[in-house]
Amino acid sequence: MELYNLPIHSLEKMLTEGDISSVELTAAVFDRIDQVEGKISAYITLDRENAQLAAKRADEKIAAGEGGGLCGIPLSIKDAICTKGLKTTGGSKILEPFVPPYDATVIAKLKEQGAVILGKVSMDEFAMGSSNENCAFGIPKNPWNLEHICGGSSGGSAASVAASECIASLGSDTGGSVRQPASHCSVVGLKPTYGRVSRFGLLAFASSLDQIGPLSKDVRDSAIMLNAIGGYDPKDSTSINKEMPDYTAALTDGLQGMKIGIPKEYFTDALDPEVRAAVDNGIKLLQGAGGEVVDLSLPHTEYGVAAYYIIAPAEASSNLARYDGVKYGFREKESESLAEMYSKTRSQGFGDEVKRRIIIGTYALSSGYYDAYYKKASQVRTLIVEDYQKAFSQCDILVSPVTPGPAWKLGEKIADPLSMYLSDVLTISTNLAGLPGISVPCGFSSKGLPIGFQIQASHFEEEKLFKAAYNLEQQLDLQPKYPTL
Ligand code: GLN
């Protein structure tokens, strides 16, 4: 088995037992990148020199008996997460050339443990999109079929894990951006509970929804990653001071006594039949492991997309006001007045989708329209939260597909933003309610495109997600594990 195809937990053992070194492993992953990156385009920036130095330091740590966990493991990072001294673009021209003077808290934690950061991976501009086609620096391809999207907005993260151009990755999920690309690329994607992982140093898109989460080759690696990045951070006032369990302890066989909720609104006729069949099969396997199925309803699910596409753009219009050509990044230099400079900087610096969101958000918040849009959307959000509260009084986890269909062809939805937005229907409510959700591979379409299985749980119940996802993964033992590239 090639080193770059192995999960963290196998490599951790080989590293600590001295079978391999991190320098060797990191070189193997860079060789892999050199082999396949021309086809995939997952990376925006590679940081070869510092990665090799970090690998050397990790080997010293391991030799001193301080290894384990992520020590020496090569990772890719979504380009929305600040890395000290390493260019961070957010997938946008407007930040060029921004080199953060500090590390995001999650990056500081990874570095402290001796993880090796290979570089920064592609994303939809400011995390707005579901296909990664809204990126100013090239569009990553789906490693399972290069003519298809890899999903978004953490598309570079998902593609780099699936193509073994890293061992695991960090992405961010505001309305599905970790789970959806994970599902399209046959990797595991976790959106932790709002408040579980610090967002300090994450470029803000919609602050009441954004959450950093890992993309990994399997469920155990997802738990290892959450162990590494989770926990309270005084630098993020929305992070919650609540004890961190060891999430790998949840990975045990058997689901006796676990109540599995099937929300009927997630299983409409709009689902692709192959997606439906793969998810139904997954549900049967969970039942076989001892889970007890409960049919229930989340009646306001159908209003989730409408509410999200008011709330997220409203927050984005405010968060993105800082990109004005003055504080950092790109500035249009020919302008004769300040107002003209603002206007030209933002017109030239932002892409179409980001402009569309700023316009929608500004409109929705403007006086006279606030009650009709933002306030209404917030009320709908409360109804969605209440739906979940009722559901979780009857079950432990909710299971469903991640997306209505497998990955579509590149270019297919780019001219039709509404159909792109509607593809988020099954992931968005999780964020509106601040819940944790995971996407775990559960099959392939007849064309060989991956299908994901979504599990949601109540706040801070990631352990239930891991337990159910792990049981499904073990029973399915899905093949093929890797795309042919
Ligand atoms: N696709 C959704 C959007 O475009 C979600 C993005 C995300 O989770 N960052 O807003």
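For the structure itself, consult the block above.
Bear in mind the structure is a predicted one, so any value in this text is a computation, not a measurement.

**Q** How would you summarise the nonpolar core if you had to cite specific residues and measurements?
**A** One finds Leu 110, Phe 126, Phe 453 and Phe 466 to be the most contacted residues of the largest nonpolar core, which totals 142 residues. In terms of residues, this core owes the most to one element, helix α9 (residues 304-319), which gives nine residues. Every residue in contact with Leu 110, bar those within four places of it in the chain, is listed here: Leu 70, Leu 75, Ile 77, Ala 115, Leu 170, Ala 228 and Ile 229.

**Q** Requested: an account of helix α10 (residues 338-349), with residues and values cited.
**A** When the terminal C-alpha atoms of α10 are compared, their 16 Å separation across twelve residues agrees well with the 16 Å that a helix rising 1.5 Å per residue should span. All buried positions along α10 are accounted for by Met 341, Thr 345, Arg 346 and Gly 349. Around the axis of α10, the buried residues are gathered within 115° of arc, so they sit on the same side. Looking at the buried positions of α10, the neighbouring elements they touch are α11 (352-365).

**Q** Describe in detail the pattern of salt bridges, supporting the description with residues and values.
**A** Considering all chains together, one arrives at 15 salt bridges under this definition. Linking Asp 34 and Arg 48 is a salt bridge whose minimum nitrogen-to-oxygen distance equals 2.8 Å. Here the residue Asp 34 occupies a position in helix α2 (residues 22-40), and Arg 48 occupies one in helix α3 (residues 48-63), the gap between them amounting to 14 residues. We classify Arg 48 as partly exposed; its relative accessible area is 38%. With a shortest N-O distance of 3.0 Å, Lys 464 and Glu 461 are connected by a salt bridge. What emerges from the salt-bridge pattern is a single network uniting Glu 353, Arg 356 and Arg 357.

**Q** Talk me through the site of the ligand; I want residue IDs and the actual numbers.
**A** If you check the shell around the ligand, you find 15 residues, and the closest are Thr 174, Gly 175, Ser 177, Tyr 308 and Arg 357. Within the side chain of Tyr 309, one N or O atom sits 3.3 Å away from an oxygen atom of the ligand. Interatomic distance of 2.8 Å between a side-chain N/O atom of Asp 424 and a nitrogen atom of the ligand. Relative to its unbound accessible surface of 290 Å², the ligand loses 99% to contact with the protein. Residue classes in the shell around the ligand are distributed as five nonpolar, seven polar and three charged.

**Q** Just give me the short version of the sheet that holds strand β9 (residues 397-401), but keep the residues and values in it.
**A** Taken together, the eleven strands give an open sheet; going across it, the order is β1-β3-β2-β4-β6-β5-β10-β11-β9-β7-β8, and neighbouring strands pair in mixed fashion. At either margin of the open sheet sits one strand with a lone partner, and together these are β1 (43-46) and β8 (292-296). The average undirected angle you get between the axes of adjacent strands in this sheet is 30°. Relative to strand β3 (residues 116-121), strand β2 (residues 74-78) runs parallel, the two being bridged by five bridges. Bridging from a neighbouring strand, Lys 78 pairs with Val 121 of β3. Packed on one face of the sheet, helix α5 (residues 155-162) meets β1, β2, β3, β4 (168-172) and β6 (212-216) and runs near 165° to β4.

**Q** Give me unusual backbone geometry: which residues, what numbers.
**A** Cis geometry marks the peptide bond from Glu 96 to Pro 97, where omega comes out at -5°. Note on placement: Pro 97 falls in the loop between β2 and α4 (105-112). Residue Gly 152 is joined to Ser 153 through a cis peptide bond whose omega torsion reads 5°. A positive phi angle, close to 70°, is found at Ala 127, a residue other than glycine.

**Q** Mind laying out the packing of aromatic side chains, listing which residues take part and the relevant values?
**A** One pass over the structure, following the stated rule, counts 15 aromatic pairs. Ring geometry for Tyr 102 and Phe 200: centres 5.3 Å apart, planes at 40°, overall tilted. Within this pair, whereas Tyr 102 is found in the loop between β2 and α4, its partner Phe 200 is found in the loop between β5 (188-191) and β6, the two being separated by 98 residues in sequence. Relative accessible area serves as the criterion here: at 33%, Tyr 102 is assigned to the partly exposed category.

What counts and how
Residues numbered from 1 in each chain as written. Predicted model: local features only at pLDDT ≥ 70, side-chain atom pairs only at ≥ 80, totals over all residues. Heavy atoms only, no water. Core = buried A, V, L, I, M, F, W, Y, C linked by side-chain atoms within 4.5 Å. Buried < 20%, exposed > 50% of the residue type's maximum accessible area, 1.4 Å probe, protein only. Helix = DSSP H or I, 4+ residues; strand = E, 2+ residues; numbered from the N terminus. Contact = heavy atoms within 4.5 Å. Expected span 1.5 Å × (residues − 1). Arc of directions from axis to C-beta. Salt bridge = Lys/Arg side-chain N within 4 Å of Asp/Glu carboxyl O. Near = heavy atom within 4 Å. Polar contact = N/O pair within 3.5 Å; in protein donor to acceptor, adjacent residues only side chain to side chain. Areas by Shrake-Rupley, 256 points an atom, 1.4 Å probe, with all protein chains shown as cover. Nonpolar A, V, L, I, M, F, W, Y, C, P; charged D, E, K, R; others polar. Pairing = 2+ DSSP bridges. Axes fitted to C-alpha atoms, helices over the stretch in contact; angles between N-to-C directions. Phe/Tyr/Trp six-rings, centres within 6.5 Å; stacked < 30°, edge-to-face > 60°.

Coordinates in, geometry out; function isn't part of it.
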